[in-house]
Amino acid sequence: LYTLSVLLLLLRQVSSAKNDDNQTNSCAQLVHLHLQNTTILFAGQVSGPVNVTTPGSCQSQALISSTLCRVQFVINTTSTSAVHAEAWLPDTWFGRFLGLGNGGLGGYYVNLDYGTSLHFATVASDNGHDGNSGSVFLDHPEVINDFAFRAIHVEAVIGKQIIESYYGRQQDKSYYLGCSTGGRQGTQEALKFPEDFDGIVAGSPATNFNNLQGWSAMLGRFVGAPNPTDDPHFIPADLWNTIASEVLNQCDGLDGVEDGIITEPDECQFRPEAIVCSAGETTGCITSAQIDALHEIYQPLFGRNGELLYSRYDPGAEADGNAQIFFSGSILSFPNDWYRFTVLNDSSFNFENFGLDTVELGDRIDPGGIQTFNGDLSAFEARGGKFLTYHGRRDQLIASGNSKRMYNLISQTLAMPSLDSFYRLFLIPGMNHCGGGPGAAAFGQSGIVSNVVNASSNNVLLAMVDWVENGINPDVLIGTGADGQTRTHCRYPQRSIWNGSTFICEA
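Residues numbered from 1 in each chain as written. Predicted model: local features only at pLDDT ≥ 70, side-chain atom pairs only at ≥ 80, totals over all residues. Heavy atoms only, no water.

Go over the overall build of the protein chain with me, naming the residues and quoting the values.
A count of helical and extended segments in the protein chain gives 13 helices and 17 strands. In summary, the protein chain has a C-alpha radius of gyration of 24 Å against a globular reference of 23 Å for 507 residues, a match within 12%. Taken along the three principal axes of its C-alpha coordinates, the protein chain extends 85 × 55 × 45 Å. Considering only contacts within the protein chain whose residues lie at least 6 apart along the sequence, 69% involve residues at least 24 apart. By element, 50% of the accessible surface of the protein chain is carried by carbon and sulfur atoms, the whole surface being about 20,000 Å². For the protein chain, the centre of its 26 positive side-chain charges and the centre of its 52 negative side-chain charges are spaced 7 Å apart. (Helix = DSSP H or I, 4+ residues; strand = E, 2+ residues; numbered from the N terminus. Rg over C-alpha atoms; globule rule 2.2 N^0.38 Å. Contact = heavy atoms within 4.5 Å. Areas by Shrake-Rupley, 256 points an atom, 1.4 Å probe, with all protein chains shown as cover. Lys, Arg positive; Asp, Glu negative; His and termini not counted. Charge placed at Lys NZ, Arg CZ, Asp CG, Glu CD.)

Structure below.
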């Protein structure tokens, strides 16, 4: 009986690309496929492993590890906008669809090979434009709409139709994987198009997007950007090493073990006065004006009427040169482009007078409805959708406290004290933006290299599959560090506690 059950399961789950004469829709025939507002540009069988040429300006080649059908297509979303996409359809298919997200202001895609290595039929798009610049948004509202909410939806709709045509049947389940902008896109999908995906993995999400961009610009302004010369608040790169060391000195041991990782940055009340320059001291210390800047940096951003706009910069995120992303004396490229080309439609804007009024203006305009800070996931929850999100506590680009705020907003909106039945947030101590850092930061979230242990306990995408298909709740997530050490990561609002020998999760 067991053998028969296994055979039946394999027959149900595994479909191979049919290369015999009876195949109704071979790979090459997909170029003749007629789909709404869509043109198939190329369809061909590829035998991996091999590097293939990729379209767009962000990369020239991509690895295909296994044999698959590669389909390139373009979806005309309006008369003035279009989404370019690819579908990689593996010969060995387990009946699952995987849609992928983007990054930054990005019009590029990644992780197609990762998806097909796990036997997902995988689709990714350019998010409605090529490259990672916001200049394409200037006077192009429909391109903004693609970026803000539409690209992933049409990627899912058309991608599923291509899959059905090729394999001769619909997918069993649909999944999504993305981080950063991809995390925001996944959240937007659950809010606007709850039927698109059964399971969404949305890491380090750039939700509360307009205020994220405003906060990012204000961090630069606190140290004198865009004109830091002779500004007493500016902090040179070498001093950030001193600051990072003092942050660890004050806060590393708060979790019970000094390991270079601040488990709960919200408990770290960094006091920069500890390294103030004494009389006659000029190196390895900071001035009174620089202390004022640090107090601004390490506190939440509040609006002109005292309302909370964005969570504070996480203590610990300034280490390893990460501080230069925000504090180099220039405005970070993402808010620089977003305000000039989208909010203000003024490419000459130079940020010299940027302040809270501009931040609040961006939030009011909310181009394309991109804000993605709405707690009403009722439709997604009602249809049985599952949502996994994670956030590094050392994220140098997006404050991890914003993911706590999102969780609490959903909880309050749905009147659900616990979201465990459909929404789980894992906070990852020592992880940078989407991965990396001194923590146990690899758990299958981004590419084959992150899939250190191919098991649902150690891989967030496989954990999602287990949750959706088998009803196995992902209570913890086990990550692996660059040194091979593992750590159990806890779902919010549980806390990671040192018990004298290891970290455990406690309510």
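Give a detailed account of the pairing of strand β7 (residues 120-125), specifying residues and quantitative values.
Counting buried positions over the 6 residues of β7 gives 6, a clear majority of the element. Residues of β7 alternate between two faces, with F120, T122 and A124 on one and A121, V123 and S125 on the opposite face, all of them buried. The pairing of strand β5 (residues 81-90) with β7 spans 4 bridges and is antiparallel. Its bridge partner lying in β7, A87 is registered against V123. Inspection of the sheet shows strand β6 (residues 96-100) paired to β7 by 4 bridges, in the parallel sense. Bridging from a neighbouring strand, G99 pairs with V123 of β7. (Buried < 20%, exposed > 50% of the residue type's maximum accessible area, 1.4 Å probe, protein only. Pairing = 2+ DSSP bridges.)

I'd like a rundown of the state of the cysteines, residues and numbers included.
Scanning the model with the defined rule gives 5 disulfides in all. Disulfide partner of C27: C69, at an S-S distance of 2.0 Å. On the S-S bond that ties C27 to C69, the torsion sits near 85°, and the link is right-handed. Placement of the pair is C27 in the loop between α1 (2-13) and β1 (38-46) and C69 in strand β4 (residues 68-78), with a sequence separation of 42 residues. Judged by its relative accessible area of 5%, C27 is buried. Residue classification places C69 among the buried residues on the basis of a relative accessible area of 0%. The disulfide partner of C251 is C268, and the gap between their sulfur atoms is 2.0 Å. The chirality of the disulfide connecting C251 with C268 is right-handed, given an S-S dihedral of about 70°. Taken together, the positions of C251 in helix α6 (residues 237-251) and C268 in the loop between α6 and α7 (288-297) put the pair 17 residues apart, joining distant regions of the chain. Accessibility classification places C251 together with C268 in one group, the buried group. (Disulfide = S-S within 2.5 Å.)

A description of the packing of helix α3 (residues 141-167) against helix α4 (residues 181-192) should follow, citing residues and the corresponding values.
Between α3 and α4, the least distance of the axes is 9 Å, while the angle of their chain directions is 70°. Considered as vectors, α3 and α4 are oriented roughly perpendicular to each other. Contacts from F147, A148, F149, I152 and H153 in α3 reach T181, R184, Q185, Q188, E189 and K192 in α4. Of the residues in the contact of α3 with α4, the class split is 4 nonpolar, 4 polar and 3 charged. (Axes fitted to C-alpha atoms, helices over the stretch in contact; angles between N-to-C directions. Parallel < 35°, antiparallel > 145°, perpendicular 65-115°, else oblique. Nonpolar A, V, L, I, M, F, W, Y, C, P; charged D, E, K, R; others polar.)

Lay out the environment of Y175 with the relevant residues and their values.
Looking at the secondary structure, you find Y175 in strand β8 (residues 173-179). Sequence separation between Y175 and S411 is 236 residues; the distance between their C-alpha atoms is 23 Å. Y175 has contacts with R96, F97, L98, G99, F120, F197, G199, M464, V465, V468 and E469, leaving out every residue within four places of it along the chain. For Y175, the side chain forms a polar contact with the side chain of E469, separated by 2.6 Å. (Polar contact = N/O pair within 3.5 Å; in protein donor to acceptor, adjacent residues only side chain to side chain.)

I'd love a proper account of unusual backbone geometry, names of residues and values included.
Note that the residue after G48, namely P49, is joined by a cis bond; omega there is 5°. Checked against the element boundaries, P49 lands in the loop between β1 and β2 (50-53). A cis amide bond, omega 10°, links A225 with the succeeding residue P226. Take P226: it is sitting in the loop between α5 (209-222) and α6. Although it is not a glycine, N208 adopts a positive phi angle of roughly 55°.

I'd love a proper account of the packing of aromatic side chains, names of residues and values included.
A complete count under the given rule lists 30 aromatic pairs for this structure. Ring centres of Y176 and F197 lie 5.5 Å apart, and the angle between their planes is 55°; this geometry places the pair in the tilted category. Separated by 21 residues along the polypeptide, Y176 in strand β8 and F197 in the loop between α4 and β9 (199-203) bring together distant segments of the chain. Exposure remark for F197: the relative accessible area of 1% places this residue in the buried category. Measuring from centroid to centroid gives 6.3 Å for Y339 and F351, while their planes differ by 90°, and the two rings are edge-to-face. One end of the pair, Y339, is in helix α9 (residues 333-343); the other, F351, is in the loop between α9 and α10 (356-365), and 12 residues separate them in sequence. Taken individually, Y339 and F351 each receive the classification buried, so the pair is uniform in this respect. Cluster of aromatic residues (ring-pair linked, three or more members): W215, W240, F270, Y298, Y310, Y313, F326 and F327. The side chain of K160 reaches across the aromatic face of F197, ending 5.8 Å from its centre. (Phe/Tyr/Trp six-rings, centres within 6.5 Å; stacked < 30°, edge-to-face > 60°. Lys NZ or Arg CZ within 6 Å of the ring centre and 35° of its normal.)

Any details on α5? Residues and values, ideally.
Under the 1.5 Å per step criterion, the end-to-end length of α5 is 20 Å for 14 residues, consistent within 8% with the ideal 20 Å. Counting buried positions along α5 yields 13 of 14 residues, so the element is predominantly enclosed. Among the residues trailing α5, G224 stands out with phi positive, at a value near 100°. (Expected span 1.5 Å × (residues − 1).)

Report on the sheet that holds strand β12 (residues 386-392), specifying residues and quantitative values.
One open sheet holds the 9 strands; their spatial order is β1-β4-β5-β7-β6-β8-β9-β12-β13, and the pairing between them is mixed. Both outer strands of the open sheet, β1 and β13 (423-428), are each paired with one neighbouring strand and no more. On average, each strand axis in the sheet is inclined to that of its neighbour by 15°, with strand direction left out of account. Strand contacts of α3: β1, β4, β5, β6, β7 and β8, with the helix running at about 35° to β5, the strand carrying the most contacts. Where α4 meets the sheet, it contacts β8, β9 and β12, and its direction lies at approximately 140° from that of β8.

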